[in-house]
Amino acid sequence: MKRIALFASGSGSNAEQIATYFADNADVTISLIVSNNHKAGVIDRARRLHIPVLLFDRKTFYETDQITEILLNQPIDLIVLAGFMWLMPSKLVQAFPDKIINIHPALLPKFGGKGMYGHFVHEAVVAANETESGITIHYVNERYDEGQIIFQASCPVLPTDTPEDVAKKVQALEHVHYPRVVAEVLAKLDS
Ligand code: GAR
């Protein structure tokens with residue numbers, strides 16, 4: 001049995017896609033949804049999906065080892081960031097080497113780094129007159145959006161597209177590819 005912890009700060013549509021993808025898989029379980037935001041939409045989704053939620057504040061996350069210890073004790077095999085907006089603390093990254101992955105809503109290394117998340121990314125893509133955007137799934141290290149890239153997929157950006165238009169195209173790519181790539185990364189843990 002492989003155990004996943006999903007980290008999410010917002011709506012949680014990617015977290016739900018991943019949970020649904022593995023719902024009938026007896027070899028994989030979503031053990032926990034972990035969030036820094038008690039108002040996040042992902043909390044309602046977790047309740048509906050009957051997945052336990054672990055909520056924490058900034059002090060607990062950055063100044064204690066509580067979260068790392070809970071994840072190690074489960075034990076969690078893979079941490080999947082699905083719209084999680086805080087930098088992972090060094091201790092947590094070191095406790096799960098090559099076992100934390102993230103999805104970013106653009107084609108890294110473009111439009112990554114601190115402050116580049118969610119809607120801000122799509123606004124920057126449109127402001128820069130990009131002709132394409134997309135998604136990047138990558139391993140997580142101690143810096144924002146810099147870990148090794150696992151998978152990218154792109155979509156066109158039209159001159160008339162608003163950031164909302166780009167967000168919709170990117171989200172469609174995320175929902176198609178993220179669950180599948182999570183499954184591939186899990187399979188590699190065995191080899
Ligand atoms: C997704 O587009 C994800 O790529 C992005 O947040 C959104 C979460 O949507 N992540 C980042 O920007 C991380 N830097 P969701 O809550 O509906 O899954």
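The structure displayed is predicted, hence computed values, not measured ones. (Residues numbered from 1 in each chain as written. Predicted model: local features only at pLDDT ≥ 70, side-chain atom pairs only at ≥ 80, totals over all residues. Heavy atoms only, no water.)

Novice: Hey, could you go over the site of the ligand for me, with residue numbers and the actual values?
Specialist: Neighbouring the ligand are 15 residues, the closest being Gly12, Ser13, Asn14, Gly118 and Glu174. One of the side-chain nitrogen or oxygen atoms of Ser13 is found 2.6 Å away from an oxygen atom of the ligand. Measuring from an oxygen atom of the ligand, one finds a backbone N or O atom of Gly118 at 2.8 Å. Computed on the free molecule, the ligand has an accessible area of 440 Å², of which 90% lies beneath the protein chains in the complex. Looking at the shell around the ligand, the elements with two or more residues in it are α1 (13-22), β5 (100-104) and α7 (163-190). (Near = heavy atom within 4 Å. Polar contact = N/O pair within 3.5 Å; in protein donor to acceptor, adjacent residues only side chain to side chain. Areas by Shrake-Rupley, 256 points an atom, 1.4 Å probe, with all protein chains shown as cover. Helix = DSSP H or I, 4+ residues; strand = E, 2+ residues; numbered from the N terminus.)

Novice: Tell me about the UniProt feature "domain: Formyl transferase N-terminal" (unreviewed entry) in the protein, and name the residues and values.
Specialist: Feature annotation in UniProt assigns "domain: Formyl transferase N-terminal" (unreviewed entry) to the following positions: residues 2-182. Taken end to end, residues 2-182 is 38% helix and 23% strand, and its two terminal C-alpha atoms sit 12 Å from one another. (UniProt positions renumbered as here; feature names shortened; annotations may be inferred.)

Novice: How would you explain the nonpolar core if you had to name every residue and give the values?
Specialist: Ranked by size, the top nonpolar core spans 39 residues in total, and within it Ile4, Val80, Tyr178 and Val182 carry the most contacts. For this core, the leading source of residues is α7, giving 8 residues. Once residues lying within four places of it in the same chain are set aside, the contact partners of Ile4 are Phe22, Val28, Thr29, Ile30, Ser31, Leu32, Ile76, Leu78, Val80, Val182 and Leu186. Of all hydrophobic cores here, the second largest spans 20 residues; its members include Val34, Phe61, Ile67 and Met88. (Core = buried A, V, L, I, M, F, W, Y, C linked by side-chain atoms within 4.5 Å. Buried < 20%, exposed > 50% of the residue type's maximum accessible area, 1.4 Å probe, protein only. Contact = heavy atoms within 4.5 Å.)

Novice: Any details on the sheet that holds strand β4 (residues 78-81)? Residues and values, ideally.
Specialist: If you trace the 7 strands from one edge of the open sheet to the other, you get β3-β2-β1-β4-β5-β6-β7, paired in mixed fashion. The open sheet has two edge strands with one neighbour each: β3 (53-55) and β7 (149-156). The average angle at which neighbouring strand axes cross in this sheet is 20 degrees, direction not considered. Note: strand β1 (residues 2-7) against strand β2 (residues 28-35), 6 bridges, orientation parallel. Residue Arg3 lies in a different strand from β2, and its bridge partner there is Thr29. Against the sheet, α1 engages β1, β2 and β4, with an angle of about 165 degrees to β2. Contacting β2 and β3, helix α2 (residues 41-49) crosses the sheet at an angle of about 150 degrees to β2. (Pairing = 2+ DSSP bridges. Axes fitted to C-alpha atoms, helices over the stretch in contact; angles between N-to-C directions.)

Novice: Can you lay out the pattern of salt bridges for me, pointing to particular residues and giving the numbers?
Specialist: For the structure on display, the rule yields 9 salt bridges. One salt bridge in this structure joins Glu16 and Arg45, with 2.7 Å as the shortest N-O distance. Taken together, the residues span a long stretch of sequence, with Glu16 in helix α1 and Arg45 in helix α2 at a distance of 29 residues. Residue classification places Glu16 among the buried positions, given a relative accessible area of 16%. For Arg48, the salt bridge identified is with Glu16, shortest N-O distance 3.0 Å. (Salt bridge = Lys/Arg side-chain N within 4 Å of Asp/Glu carboxyl O.)

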